Amino acid sequence: MKSYKDGIAYQYLRETKYDRESILRRHDLGQIPRPPAYKTYPEAAKIPLPRSVFGKTKSLWDILDQRRSRRRYAPGPISMTTLSTLLWAIQGITLSARDYQFRTAPSAGALYPVETYLSIHRVSDVKQGMYHFNVLDFALEEIVQGNFGEHLTRAALDQAMVRRGAVLFIWTAIVLRSMSKYRNRCIRYIFMDAGHIGQNLQLAATAMGLGCCPIGAFYDEEINQVLRVDGEEETAIYLAAVGKL
Ligand SMILES: Cc1cc2nc3c(=O)[nH]c(=O)nc-3n(C[C@H](O)[C@H](O)[C@H](O)COP(=O)(O)O)c2cc1C
């Protein structure tokens, strides 16, 4: 690549800019069917999540001041209630209106294209395995049992915090949920959505005295394969390790 302007990053930004003319053509790709708003695994064993517990906590200002990406964790497990509270913090439903359920983190068009999966390594009373977070039912759906820590560490460019963490959060995007409204500009919004979710996780982890580190460096298809998603309509976009300090 000779310069920034020869590459696809620049081309994408340029091609997806709104201006007063392009906004009139924003639906030019024709009708794009919107996939279901919620993904579920109807055949999966389901674990209902306990009610989140909001103990007395530090002030928001202290949490912002103390938030840091932490990569070394103690070997102990986190509790199911702690995990449940983290899940509520990232994608809990906080308002039900007529056609939409709004969540703790904002989402462009309230379309919520980001799905959450968990590789559970050490959570009390939960078997190690890969789980999907069912937002609507506030439950975990078991995809497959086993310890994926080593495998996912390798998939995340050998970053040891992945296996050291009690849980690895894995976020995917169901691209068409957002694309049905925003066409090619949707990629911008999907990553902004993921950023909000990731920040909520780090702030909630900090509030509970846990360590957390976002991870953007990974071999995409290796993560997709573990999750059993196609890497096209649904693809991994972001990870975060969480553990005790
Ligand atoms: C999108 C994104 C991707 C990141 N990917 C990684 C990663 O793969 N490995 C890592 O060790 N840290 C990763 N980080 C953490 C950054 O290194 C960290 O946020 C930065 O050094 C600033 O430190 P702080 O978060 O403690 O303020 C990532 C952070 C973001 C926001």
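Residues numbered from 1 in each chain as written. Predicted model: local features only at pLDDT ≥ 70, side-chain atom pairs only at ≥ 80, totals over all residues. Heavy atoms only, no water.

Q: Which residues make up the site of the ligand, and what are the values?
A: Surrounding the ligand, one finds Arg 67, Arg 68, Ser 69, Arg 71, Gln 159, Met 161, Cys 213, Pro 214, Ile 215, Gly 216, Ala 217 and Tyr 238. A distance of 2.6 Å separates an oxygen atom of the ligand from a polar atom in the side chain of Ser 69. Contacts to the ligand include Gly 216, whose backbone N or O atom sits 2.8 Å from a nitrogen atom. The fraction of the free accessible surface of the ligand (620 Å²) that becomes covered by protein chains is 56%. Here the element with the most residues in the shell around the ligand is strand β8 (residues 210-215); it accounts for 3 residues. (Near = heavy atom within 4 Å. Polar contact = N/O pair within 3.5 Å; in protein donor to acceptor, adjacent residues only side chain to side chain. Areas by Shrake-Rupley, 256 points an atom, 1.4 Å probe, with all protein chains shown as cover. Helix = DSSP H or I, 4+ residues; strand = E, 2+ residues; numbered from the N terminus.)

Q: Describe the sheet that holds strand β9 (residues 234-244), listing the residues and the values that go with them.
A: Taken together, 7 strands build an open sheet; the order of strands is β1-β6-β5-β4-β7-β9-β8 and the sheet is antiparallel. The open sheet has two edge strands with one neighbour each: β1 (46-48) and β8. Going from strand to strand, the sheet's axes swing by 25° on average, the running direction of each strand aside. Here 6 bridges tie β8 to β9, and the two strands are oriented antiparallel to one another. Within β9, the residue paired with Cys 212 across the bridge is Val 242. (Pairing = 2+ DSSP bridges. Axes fitted to C-alpha atoms, helices over the stretch in contact; angles between N-to-C directions.)

Q: Before we move on, could you go through the pattern of salt bridges and cite the residues and values that matter?
A: For the coordinates displayed, the defined rule picks out 5 salt bridges. In this structure, the salt-bridge partner of Lys 39 is Glu 234, at a minimum N-O distance of 2.7 Å. Of this pair, Lys 39 sits in the loop between α1 (8-15) and β1 while Glu 234 sits in strand β9, placing them 195 residues apart in sequence. Residue Arg 163 pairs with Glu 150 through a salt bridge whose shortest N-O separation is 3.1 Å. (Salt bridge = Lys/Arg side-chain N within 4 Å of Asp/Glu carboxyl O.)

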